[in-house]
Amino acid sequence: MHRTILVGSPRPDGRSAHLADELFDACIEECPDDGVSIITISSTDIAPCIGCNRCEKATPEAELPERPEKGDPLHQHPLVFKSDAFAHRCFLRDDMDEVRKHMDAADELIVVCPLYFASTPSQFKALLDRLQPYYFSDLRERTNVRRSLTIHVIGEEGNPYGIDACVDTIRSACGCAGFKLDRVLDWTGKVTEDGTIIADAEETAF
C-alpha cells in the first residue's frame, strides 16, 4: 500500500507543513511496510491551467514517457494502470509530471490544506486545476473501485465561513483522479503557529 501526502500550503514552515510532517511520521511508525511520499506546494513549480483543453486528446502510445516499472515505489495503482489516464497529459512540462506519479501510485491520498478566504491557496488551486487531464480520461468513470481521500483543513480560530468551500474544491478535483472522499478533519483553531497541536480535530466521515 502506498500513501501520498499532498500539502497545499505555500509556506514551507507553517501549520500545514508541521501537521503533514506529523502525519508522515505516523504513517511510517504505524505502517512500516507501506510506502509513503509527501508533496509540498512550497517546493514545487506548477504553472496554472490555461484552459486550452489539449489534454482532452490522448497522446499516442509512441510519444508517452515510460511508466514506473513493477517494484518501483511509484508503480501505478491498478485502477490507474487499467485506465487511459496516463495518455491524457498536459502539454506544460513542470513539476506536475512528478506530482501525477505520486498521485497515480497512491492507494490513499491525504491532503493537508490551509483555509485562504474559505477556500484553498492559489498555488494549490493551480495544482488542482492541472488535474484536468483526468477529467477527460475514463478514470473518473471507474466508480466501482475508488481510492481513499482524506482531507485535513487548517485555519485560524473564529473562521465565520466554515470549511465546505475548501473541501468541495479538493473533493471535486481529486474525484476526477479516482479518489473518493472518506473523511474530513477540521483543525481550525487547533494548531498553533509553531505547529503545536492543542486539541483534537473535528472529524466528519463520508
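These figures come from a predicted structure and were not determined experimentally.

Criteria and thresholds
- Residues numbered from 1 in each chain as written.
- Predicted model: local features only at pLDDT ≥ 70, side-chain atom pairs only at ≥ 80, totals over all residues.
- Heavy atoms only, no water.
- Disulfide = S-S within 2.5 Å.
- Buried < 20%, exposed > 50% of the residue type's maximum accessible area, 1.4 Å probe, protein only.
- Core = buried A, V, L, I, M, F, W, Y, C linked by side-chain atoms within 4.5 Å.
- Helix = DSSP H or I, 4+ residues; strand = E, 2+ residues; numbered from the N terminus.
- Contact = heavy atoms within 4.5 Å.
- Patch = residues over 30% accessible without salt bridge, like charges linked within 9 Å, V, L, I, M, F, W, Y side chains within 5 Å.
- Areas by Shrake-Rupley, 256 points an atom, 1.4 Å probe, with all protein chains shown as cover.
- Salt bridge = Lys/Arg side-chain N within 4 Å of Asp/Glu carboxyl O.
- Lys, Arg positive; Asp, Glu negative; His and termini not counted.
- Charge placed at Lys NZ, Arg CZ, Asp CG, Glu CD.
- Pairing = 2+ DSSP bridges.
- Right-handed = clockwise from strand over helix to strand, strands pointing away.
- Axes fitted to C-alpha atoms, helices over the stretch in contact; angles between N-to-C directions.
- Parallel < 35°, antiparallel > 145°, perpendicular 65-115°, else oblique.
- Left-handed = near helix turned anticlockwise from the far one by under 90°.

Chemist: How do you make sense of the state of the cysteines when you look at a structure like this?
Modeler: Note on terminology: a disulfide is the covalent bond linking the sulfur atoms of two cysteines. For the coordinates displayed, the defined rule picks out 0 disulfides. Free cysteine: Cys 31, not disulfide-bonded; nearest cysteine sulfur from Cys 27 at 6.6 Å. Assessed through its relative accessible area of 21%, Cys 31 is described here as partly exposed. With no disulfide of its own, Cys 166 lies closest to Cys 113 among cysteine sulfurs, the gap being 4.0 Å.

Chemist: What exactly am I supposed to notice about the nonpolar core here?
Modeler: The nonpolar side chains of a soluble globular protein tend to be buried with one another. Phe 124, Leu 127 and Ile 170 are the most contacted members of the largest nonpolar core, which has 35 residues in total. When contributions to this core are tallied by element, the ones reaching two or more residues are α2 (78-81), α3 (96-105), β3 (108-114), α4 (122-129), β4 (147-154), α6 (164-176) and β5 (179-186). For this core, the element with the highest residue contribution is α6, accounting for 6 residues. Apart from the residues within four sequence positions on either side, Leu 127 is in contact with Leu 6, Ile 41, Ile 46, Met 96 and Val 99. The next biggest cluster of nonpolar side chains, apart from the first, holds 14 residues, and it includes Val 36, Leu 185, Val 191 and Ala 201.

Chemist: Would you mind going over unusual backbone geometry with me for this structure?
Modeler: The phi torsion of most residues other than glycine is negative, and most of the peptide bonds are trans. The phi torsion at Asn 53 lies on the positive side, around 60 degrees, for a residue other than glycine. Its place among the elements puts Asn 53 in the loop between β2 (35-40) and α2. On the basis of relative accessible area, Asn 53 is assigned to the partly exposed category, the value being 40%. Here Phe 117, not a glycine, exhibits a phi torsion of approximately 50 degrees, which is positive. Turning to its location among the elements, Phe 117 is positioned in the loop between β3 and α4.

Chemist: What should I look at first to understand a negative patch on the surface in this one?
Modeler: On the surface, Asp 13, Asp 21, Glu 22, Asp 25, Glu 29 and Glu 30 cluster together to form a negatively charged patch. Locating Glu 22 in the fold gives a position in helix α1 (residues 15-30). Judged by relative accessible area, Glu 22 falls into the partly exposed class, the value being 48%.

Chemist: Help me out: how do you make sense of the pairing of β4 in this one?
Modeler: By the criterion of burial, β4 is predominantly enclosed, with 8 of the 8 residues buried. Side chains Arg 147, Leu 149, Ile 151 and Val 153 project from β4 onto one buried face, and the interleaved Ser 148, Thr 150, His 152 and Ile 154 project onto a second face that is buried too. Judged from the 7 bridges that link them, β3 and β4 form a sheet pairing that is parallel. Residue pairing in the sheet places Pro 114 in a bridge with Ile 154 of β4. Where β4 lies against β5, 7 bridges are found, and the strand directions are parallel. Looking at the pairing, His 152 lines up with Leu 185 of β5. With respect to chirality, the unit in which β4 leads through α6 into the neighbouring parallel β5 is right-handed.

Chemist: What's the story with the packing of α4 against α6 in this structure? I'm lost.
Modeler: Helix-helix packing is characterised by the crossing angle of the two axes and by the distance between the axes. Close contact between α4 and α6 brings their axes to 9 Å; oriented N to C, the two are set at 25 degrees. By the angle between their axes, α4 is roughly parallel relative to α6. Crossing hand, α4 versus α6: left-handed. Contacts from Phe 124, Lys 125 and Leu 128 of α4 reach α6 at Thr 169, Ile 170, Ala 173 and Cys 174.

Function-wise, these values are silent; they only describe arrangement.
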